Amino acid sequence: MQEIVYEDLFSRTFGYLRQGGVALTRDNALSTLRLIEELLVSDSREALERVVVELPGRLEISDISLPLPCPPVNRGSIGYWDER
Amino acid sequence: MTAETSEGADSSPKQDRSPPAPWRTRARLRRIVLTLLVTGQCGIATYGMIRVLPYHGGDPLEISLAVVFGLLFFGISVGSWFGIYGFIVRLSGGDRLSLVHRHPPDSLKEVPLTRTAVVMPIYHEPIDRTFAGLRAVYRSLEATGCLEHFDFFILSDSRDPEVWLSEQTAWYHLCKELGADGRLFYRRRLLNMNYKSGNIADFFRRWGRNYTYTLVLDADSLMTGETIVQMVRLMQVEPSVGILQTCPALVNARSMFARTQQFANHLFGPIFTAGLAALQLGEAAYWGHNAVLRNEPFMRHCGLRRLPGWGLFGGAIMSHDFVEAAYMARGGYEVWLEPGLGGSYEESPPTLVEDLTRDKRWAKGNLQHLWLIFFAGKIKMAHRIAFLNGVMSYLASPLWLTFLVLSTVEATRLVLWPINYFPAQYSPFPVWPEWRPELAIALASSTFFLLFLPKFLAVIDVLLHRKTAGFGGILRLPVSLALEVLVSALLAPIRMLAHTRYVMEALFNLNLRWAGQNRNSETGWRPTLINQLPGTAIAFCWAGFAFWLDVQFFLWSLPVVIPLILAVPTSILLGRVRLGQILKKLGLLCVPEEEQSCDLLDDMQSSPIARARVRRLTAFQEAVIDPALNKLHQALGRRHHGGARHEFLHKLRRLCLQEGPAALTNRELNILARDRESLNWLHQAAWQADQDSYWAAFYTAGLK
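Summarised in this report is the structure supplied together with it. These numbers were taken from a predicted model, which means no experiment stands behind them.

### Digging into the overall build of chain B
Looking only at helices and strands, chain B features 25 helices and 12 strands. By the compact-globule yardstick of 27 Å for 704 residues, chain B fits well, its C-alpha radius of gyration being 28 Å. Expressed as lengths along the three principal axes of its C-alpha atoms, the size of chain B is roughly 100 × 65 × 55 Å. Within chain B, counting contacts between residues at least 6 apart in sequence, those at least 24 apart form 83% of the total.

### A word on the pairing of strand S11 (residues 334–338) of chain B
All names here are of chain B. Of all 5 residues that make up S11, 5 are buried, and the element is covered over most of its length. Burial along S11 is two-sided: Glu 334, Trp 336 and Glu 338 and Val 335 and Leu 337, pointing in opposite directions, are all buried. Note: strand S6 (residues 241–246) against S11, 5 bridges, orientation parallel. In the strand pairing of S11, Leu 244 is matched with Trp 336.

### Overview of the sheet that holds strand S5 (residues 222–223) of chain B
The strand order S5-S12-S7 (chain B) describes an open sheet built from 3 strands, whose pairing is mixed. Either end of the sheet is taken by a strand with one partner, and the two such strands are S5 and strand S7 (249–250) of chain B.

### Side note on the interface of chain A and chain B
In many analyses, interface size is given as the accessible surface area lost on bringing the parts together. On the side of chain B, 41 residues touch chain A, which itself brings 33 residues to the contact. Broken down by element, the side of chain A that touches chain B gets its largest block of residues, 8 residues, from helix H1 (residues 2–19) of chain A. Of the residues in the side of chain A that touches chain B, the class split is 17 nonpolar, 10 polar and 6 charged.

### Some points on the packing of helix H23 (residues 643–659) of chain B against helix H25 (residues 676–688) of chain B
Residue and element names in this part refer to chain B. Contact pair H23 / H25: the axes reach a minimum separation of 10 Å and the direction vectors enclose 30°. With respect to each other, H23 and H25 are oriented roughly parallel. As for how H23 packs across H25, the hand of that crossing is right-handed. For the pair H23 and H25, the contacting residues are Leu 649, Arg 653, Cys 656 and Leu 657 in the first and Ser 678, Trp 681, Leu 682, Ala 685 and Ala 686 in the second. Residues that form the contact of H23 with H25 fall into these classes: 7 nonpolar, 1 polar and 1 charged.

### Let's talk about the sheet that holds strand S1 (residues 116–122) of chain B
All names here are of chain B. The strand order across the open sheet formed by 7 strands is S3-S2-S1-S4-S8-S6-S11, and the pairing between neighbours is mixed. The sheet is open, and its two borders are formed by strand S3 (184–188) and S11, each paired with just one other strand. Direction aside, neighbouring strands of the sheet carry axes that sit 20° apart on average. With 5 bridges joining them, strand S2 (residues 150–156) and S3 adopt parallel strand pairing. Opposite Ile 154, over in S3, you have Tyr 186 as the bridge partner. Its contacts with the sheet put helix H4 (residues 127–144) on S1, S2 and S3, and the angle it makes with S2 is roughly 170°.

### Some remarks on helix H15 (residues 525–549) of chain B
Residues and elements named next belong to chain B. Along its 25 residues, H15 runs 34 Å from first to last C-alpha, staying within 8% of the 36 Å computed at 1.5 Å per residue. Along its length, H15 shows its largest kink, about 40°, at Gln 532, and proline Pro 534 lies within four residues downstream of that point. All of the buried residues along H15 are Thr 528, Asn 531, Gln 532, Gly 535, Ala 539 and Ala 546. Among the structural elements, helix H11 (352–375), helix H14 (476–507), helix H16 (551–565) and helix H17 (567–574) are those in contact with the buried residues of H15.

Criteria and cut-off values
- Residues numbered from 1 in each chain as written.
- Chains lettered and ligands numbered in written order.
- Predicted model: local features only at pLDDT ≥ 70, side-chain atom pairs only at ≥ 80, totals over all residues.
- Helix = DSSP H or I, 4+ residues; strand = E, 2+ residues; numbered from the N terminus.
- Rg over C-alpha atoms; globule rule 2.2 N^0.38 Å.
- Contact = placed C-beta atoms within 7 Å.
- Buried ≥ 20, exposed ≤ 12 C-beta atoms within 10 Å, placed from the backbone.
- Pairing = 2+ DSSP bridges.
- Nonpolar A, V, L, I, M, F, W, Y, C, P; charged D, E, K, R; others polar.
- Axes fitted to C-alpha atoms, helices over the stretch in contact; angles between N-to-C directions.
- Parallel < 35°, antiparallel > 145°, perpendicular 65-115°, else oblique.
- Left-handed = near helix turned anticlockwise from the far one by under 90°.
- Expected span 1.5 Å × (residues − 1).
- Bend = angle between axes of the 7 residues up to and from the residue.

Here it is as structure tokens:
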């Protein structure tokens, strides 16, 4: 039973890295393994839940530089012809 | 984005309007000549028709026939003279009054540019094509070295979360690819009121004051940077110009239908648009895209009130462009159509069904202009005529159908009813009905001559300008021309019936669904059958009746009947991409942009727009699963407040987590996907969900 949880933990972690577009460099691999080690010290079930919460902070997955969607609004108005 | 303001944009032309512009006198003269030619020609033809009719217009039926014929002939004659005018203008090296002639590109080099927005309103468009097109325009402007004066806006009205989430993702990747952070913007309206014109008005209300000019692009538009820069400079040196419109050429056609349209556009377009521009001069129409607008007067004069009438003539104006041009002119500004500006492109609908679907919207929009013709104050006569021209382009179809019905009644009367020797009331003189086939043939021949004359002039124009190579060469050009004529002849009766239906639907104000266009797929059998089968049935009935009535009348009916009977296979066949590509390989229906490469098109097709990392995920699933995209959509989302809304969102989230997005309606997905907190919650909950949950299937999606 415990084996399944471990397998799930690794597969989920790896899936998250791939989805996040994180290249598995030596540093990234080490950081990931370190995080898993830390989490497994407490509880394997909890590790499963916490890994995706902690991983982005460790690897800066979510640090996408978001372009500016829109410039600041400079409110103007549209004129209508007076038909009267 | 720099905070440069639109200084100097407020220079209303009214201040320096004292001497009338020289083009106005010339425009008046040209229009008078056209009116005399057309009315004279039309009068002769109508008289000829009266002579052809057995009772020579002696009863209400024949009077009606002559009137309807006169109206139809008027339209044909106007079109023909536009072509002839254009041919003469091009033969003489272009119109000396046009802006491009008055300010050749070399004289504009030192003219400073100013802040200009490039806006692309979109609504459920094919994302890859749309964004690739915008990328090509961006790069082309970048290559001119003038990019710093331009900002780009994608103005989305899309409602389907699958579409707008994909748009957001594509925008993000495009910004990264182009390094366009702070220059390429994306805005989605949550409330898309008043269709496309409302979308653009919303842009003007928010950011219009930041820019002097706005270049409006359609989702399928392409424009070269050089042309855009030239247009802005022309607007700079001509402060009285409010709208500068290019003549977009059709490109990128794949199906046979689109290739035929594209060929006709490239071959006949130059002389027709040259003629149109020569007659309109500074009182031209705006076609809604591939045009530069002067922001300050546009915002001041071009607000579109809802029509105050009933039925069709109540509510939002649907075809806004002609109206905006008329309002701009009413505000004292000029509107120019400039055929001399190259590097402006758009695409044709791929199939007949799509083409007719677009016509359905346009028919209703154009018929609404009837209200403006009669009730809008201070609109210039040239623009009222432009409205009328638009209305007639659709009313011509019911008129043609009426003509066919009246002809059938006339033929029936001659065969089945006893001869009436006294068709005119109170006349003591008997009239013997006489049938003059030689005059009928002469009249039909002269009508065909008028229809085909501009086409032959267009071919001569190509020969004179030594452009035959662009159309496949001197041997293939006539074959392509014959193909185009054949396709036009096959499509004309189909369009007649369809347009008649649209006009009736519009006049009776039947509901109209405003939908995005299918810009690149083939047509299936089902929509084709729904579209064309009623016409085919009518044609069979009419042909059967004509054959039973009189064989000669049956033969006269064949040019209308055969295309209608063949409407379904014709429509399917013309929509086939394979057939279009075979013809392309044979060098038929070719256009210069295909024969000589076009940098803009090559760039557009160079590489696909980066979007999803895992193709089999839907945009919503991706927004939940993908960590980076989840952050992106969160950032573009909103934070919702209020207890009741929160409760509703919580309920939706839980349902989505347990059963997946399929358990939610599109409206619910829309609400969820634009809520920042829900996206964050779903992302974490999905990745923490149990192995047997709906979302567990996607953990490994990234592994494949």
